[in-house]
Amino acid sequence: MAMDKTLQAVLAATGSFFAITVVFACLYIFWKGSKPKSSRSRYTRPVRNPPATALTSVAVDESFSFDPSLKVSMEEVVKATKNFSADLVVGDGGFGFVYKAQFSDGRTVAVKKLDPDAFQGFREFQAEMETLGKLRHPNIVKILGYCVSGADRILIYEFIERGNLDRWLNDSSSSDGDGYDDGTGFRLPLSWKTRIKIVRGVANGLAYLHGLDKPIIHRDIKASNVLLDSEFEAHIADFGLARRMDASRSHVSTQFAGTMGYMPPEYKEGFTGATVRADVFSFGVLMLEVATGKRPNLPTKFDGTEMGLVEWARKMEAQNCQMEMVDPGISKDDLDEANVKEYFRIACHCAGEISRERPPMKEVIEMLNQISI
């Protein structure tokens, strides 16, 4: 009985405490609700305006020509490309399709319609075009002008007759009527002399870019970004990934970029800074591709083991097998063994594993000029 009384007392005390707590809570809520609100206690999250460069924040319509003799307008571009007809596509470069177009004045040009995400905004795009539009070198494709209309951005280049180098190295099935075939419609392989000429042209173009007051790093040197004119002179194209660099700096911080097979080994180790030495590596790979006819992005066998083109070339060179490395389509009558060995030595030097040991392009030109053709 005593236990029951004790339990009753505890329950009664607990109930009273709970009731009092509820009453005080209600009074506190009522008091807070009736208190005048101070404007100083309110906080409004600041609203961020979209960047001034974003196309969504400003409607942009602009056309500009770097060539005074060429009139550029979006209307002219649409007409010349037949509203960007698939029948006129001549390439699928970085960040967009390339069309062959003929302007009303009769001039044939290459028109590139950029993907919407190729540049962050109009001002960035405009700055890039002002830089690239001033480049003048025999081995650099000229940008003739550009057009912007809303989200559409168009680049206008000089048209290079024989198309890209990749096509000449890897597609012999048809000459496309370019007048460089064996009479049966099959394209003739490029001669050793022509290949040396092409490689020298690319080297000269790269040396020019790297030698500017603010060097330009291309970042995507490869066969499909080298165009050939009627005389098989090389022209470096597609600056969609290019970056300018202060001469006092060793690299430009940037995102991972480039093409598999041409990218330097330091990229695989996590370094993504754009450097002139990365361009040199890609050039070395290009040299190997030009001489061997082997694609850098496909495995090559050495003693039954598959490996990349650069590793294969190093092993072949170490065994003094340079003559066996040459594209079988090249006539052996065109080859001088000493020159072939020197060529592959230069290529492997450029495609060296250690970045700082790769030669600058000016030195590469000097070495290439020692190869007689």
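Residues numbered from 1 in each chain as written. Predicted model: local features only at pLDDT ≥ 70, side-chain atom pairs only at ≥ 80, totals over all residues. Heavy atoms only, no water.

Some remarks on the pattern of salt bridges
Stage number 1. Overall, the coordinates contain nine salt bridges when judged by the stated rule.
Stage number 2. Lys-341 is the salt-bridge partner of Glu-337, the closest N and O atoms lying 3.5 Å from each other. With Glu-337 and Lys-341 both in helix α10 (residues 337–350) and four residues apart, this pair spans about one turn of that helix.
Stage number 3. Residue Glu-337 is classed as partly exposed on the basis of its relative accessible area of 43%.
Stage number 4. By relative accessible area, Lys-341 is classed as partly exposed at 27%.
Stage number 5. Here Arg-345 and Glu-342 are joined by a salt bridge, their closest N and O atoms 2.9 Å apart. Placement of the pair is Arg-345 and Glu-342 together in helix α10, with a separation of three residues, close to one helical turn.
Stage number 6. Judged by relative accessible area, Glu-342 falls into the partly exposed class, the value being 25%. (Salt bridge = Lys/Arg side-chain N within 4 Å of Asp/Glu carboxyl O. Helix = DSSP H or I, 4+ residues; strand = E, 2+ residues; numbered from the N terminus. Buried < 20%, exposed > 50% of the residue type's maximum accessible area, 1.4 Å probe, protein only.)

Section: the environment of Val-77
Stage number 1. Tracing the chain through its elements places Val-77 in helix α2 (residues 74–80).
Stage number 2. Since its relative accessible area comes to 0%, Val-77 is described here as buried.
Stage number 3. The residues touching Val-77, leaving out its near neighbours within four places in the chain, are Phe-84, Phe-103, Val-111, Cys-147, Ile-154 and Ile-156. (Contact = heavy atoms within 4.5 Å.)

Brief notes about the side chain of Arg-200
Stage number 1. Relative to the elements of secondary structure, Arg-200 occurs in helix α5 (residues 192–210).
Stage number 2. For the buried residue Arg-200, which engages in no salt bridge, the nearest side chain bearing the opposite charge is Glu-233, 9.5 Å off.
Stage number 3. Of the polar contacts made by the side chain of Arg-200, one reaches the backbone oxygen of Ile-371; its length is 2.4 Å.
Stage number 4. In this structure, Arg-200 is in contact with Leu-368, Asn-369, Ile-371 and Ile-373, ignoring residues within four places of it in sequence. (Lys, Arg positive; Asp, Glu negative; His and termini not counted. Polar contact = N/O pair within 3.5 Å; in protein donor to acceptor, adjacent residues only side chain to side chain.)

What to know about the packing of helix α8 (residues 309–318) against α10
Stage number 1. One can describe the packing of α8 onto α10 by two numbers: an axis separation of 10 Å at closest approach and a directional angle of 135 degrees. Between α8 and α10, the crossing angle belongs to the class labelled oblique. As α8 runs across α10, the sense of the crossing is left-handed. Counted together, Ala-313, Arg-314 and Glu-317 of α8 and Phe-344, Arg-345 and Cys-348 of α10 form the full contact between these two elements. (Axes fitted to C-alpha atoms, helices over the stretch in contact; angles between N-to-C directions. Parallel < 35°, antiparallel > 145°, perpendicular 65-115°, else oblique. Left-handed = near helix turned anticlockwise from the far one by under 90°.)

A few points about the confidence of the model for the protein chain
If pLDDT is low for a region, its predicted coordinates should not be looked at in detail.
Stage number 1. Taken over all residues, the pLDDT of the protein chain has a mean of 80, while the share at 70 or more is 72%.
Stage number 2. Mean pLDDT across the elements of the protein chain bottoms out in helix α1 (residues 2–34) (55) and peaks in helix α11 (residues 361–368) (98).
Stage number 3. Ignoring residues within four places in sequence, the model shows residues 34–58, a span with pLDDT below 50, making 14 contacts including any to other chains.
Stage number 4. Residue range residues 245–256 is modelled with pLDDT below 50. Its contacts to residues more than four positions away, or to other chains, number 33 contacts. (pLDDT = per-residue confidence, 0-100.)

Thoughts on the environment of Ala-207
Stage number 1. Position of Ala-207 among the secondary structure elements: in helix α5.
Stage number 2. Beyond its immediate sequence surroundings of up to four residues, Ala-207 is in contact with Met-361, Lys-362 and Ile-365.

With respect to the pairing of strand β6 (residues 152–158)
Within a regular strand, side chains alternate between the sheet's two faces.
Stage number 1. A large share of β6 lies buried, amounting to five of its seven residues.
Stage number 2. Pairing of strand β4 (residues 108–114) with β6 involves five bridges; the strand directions are antiparallel. Paired with Lys-113 across the strands is Ile-154, a residue of β6.
Stage number 3. Sheet topology note: the strand β5 (residues 143–149)/β6 ladder contains six bridges and is antiparallel. Of the residues in β6, the one forming a bridge with Val-148 is Arg-153. (Pairing = 2+ DSSP bridges.)

Structural notes on the packing of aromatic side chains
Stage number 1. Under the counting rule described, the total for this entry stands at seven aromatic pairs.
Stage number 2. A centroid spacing of 5.4 Å and a plane angle of 70 degrees characterise the contact between Phe-84 and Tyr-99, whose relative ring orientation is edge-to-face. With a gap of 15 residues between them, Phe-84 in the loop between α2 and β2 (89–93) and Tyr-99 in strand β3 (residues 96–102) connect regions that are remote in the sequence. Per residue, the accessibility class of Phe-84 equals that of Tyr-99, and both read buried.
Stage number 3. Ring centres 5.1 Å apart and planes at 85 degrees place the aromatic pair Trp-168 and Phe-232 in the edge-to-face group. (Phe/Tyr/Trp six-rings, centres within 6.5 Å; stacked < 30°, edge-to-face > 60°.)

Here we look at α10
Stage number 1. Between its first and last C-alpha, α10 extends 20 Å over 14 residues, near the 20 Å set by a 1.5 Å rise per residue.
Stage number 2. Of all the residues in α10, the buried ones are Asn-339, Val-340, Tyr-343, Phe-344, Ile-346, Ala-347, Cys-348 and Cys-350. (Expected span 1.5 Å × (residues − 1).)

Section: α5
Given 3.6 residues to a turn, an α-helix orients residues that are three or four positions apart in the same direction.
Stage number 1. With 19 residues, α5 extends 27 Å between its outermost C-alpha atoms, agreeing within 8% with the 27 Å of an ideal straight helix rising 1.5 Å per residue.
Stage number 2. With 15 of 19 residues buried, α5 lies mostly within the body of the structure.

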